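Commentary on secondary and tertiary structure
Listed below are the residues making up each chain.
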Amino acid sequence: MQLDPTDLKILQQLQEDGRISNQDLADKVFLSPSSCLRRVRMLEEAGVIHHYCAVVDATKVGLEVDAFVQVTMRRDVEQWHENFSKALLQWPEVIGSYIITGEANYLLRVRARNLKHYSSFVLERLYKTTGVLDIRSNIVLQTLKDTHQIDVGLMRDGS
């Protein structure tokens with residue numbers, strides 16, 4: 001989908017405040033409310049905007065541990081990828097999972113209440129999953145940047 005400058009303004013505003021009213025959004029991007037709503041719906045239908053959500057502060061709800069975990073699988077185990085993919089969907093501690101390049105096969109982002117909870121997750125779930133060969137954890141000491149927003153400057157065509 002080709003995004004014009006008005007689409008980019010809409011995306012910027014919605015990333016800053018997903019609960020903004022259509023009227024306020026239209027005012028900020030200099031469109032009539034009906035034109036603005038039509039553009040937002042087109043962005044949604046095209047999958048550019050794929051959902052809206054509230055961003056919860058994990059530490060304020062008792063999840064003190066944030067870890068990035070590299071998981072390496074044994075390749076001699078049949079259906080290792082399919083089995084691991086199914087298993088991780090059952091783990092609420094895993095808030096992000098990625099297939100990556102390099103020595104490891106996966107990178108997981110894990111949130112836990114404390115180190116005891118995290119340790120239990122690693123020992124009782126990860127290590128017990130068929131095909132897991134190696135796990136390397138990196139515990140976050142301090143978060144410098146954590147955002148879901150994509151800078152609209154990155155969205156421009158070739159510029």
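A brief structural summary. Just so we're clear, the structure is a prediction, and the values are computed from it rather than from any experiment.

Conventions we followed
Residues numbered from 1 in each chain as written. Predicted model: local features only at pLDDT ≥ 70, side-chain atom pairs only at ≥ 80, totals over all residues. Heavy atoms only, no water. Core = buried A, V, L, I, M, F, W, Y, C linked by side-chain atoms within 4.5 Å. Buried < 20%, exposed > 50% of the residue type's maximum accessible area, 1.4 Å probe, protein only. Helix = DSSP H or I, 4+ residues; strand = E, 2+ residues; numbered from the N terminus. Contact = heavy atoms within 4.5 Å. Expected span 1.5 Å × (residues − 1). Pairing = 2+ DSSP bridges.

Our focus in this paragraph is the nonpolar core. Counting residues in hydrophobic clusters, the biggest one holds 22 residues, and the most contacted among them are V69, V71, F84, W91, L108, Y118 and L126. Secondary-structure elements contributing two or more residues to this core are β1 (65-73), α4 (80-88), β3 (106-112), α5 (115-126) and β4 (132-139). Ignoring any residue separated from it by four or fewer positions in sequence, one finds L108 in contact with A67, F68, V69, V71, F84, L88, V94, G96, S97 and L126.

This next bit is on helix α1 (residues 5-16). Between its first and last C-alpha, α1 extends 17 Å over 12 residues, near the 16 Å set by a 1.5 Å rise per residue. Listed as buried for α1 are T6, D7, L8, I10, L11, Q13 and L14. Summarising the contacts, the buried residues of α1 are in contact with α2 (22-29) and α3 (33-45).

Once that is clear, we can look at the pairing of strand β2 (residues 94-99). Note that β2 and β3 share five bridges and pair antiparallel. Residue pairing in the sheet places I99 in a bridge with Y106 of β3. Taking the residues that link successive antiparallel strands as the turn, the β2-β3 hairpin has six residues, and the phi of G102 there is positive, at about 105 degrees.

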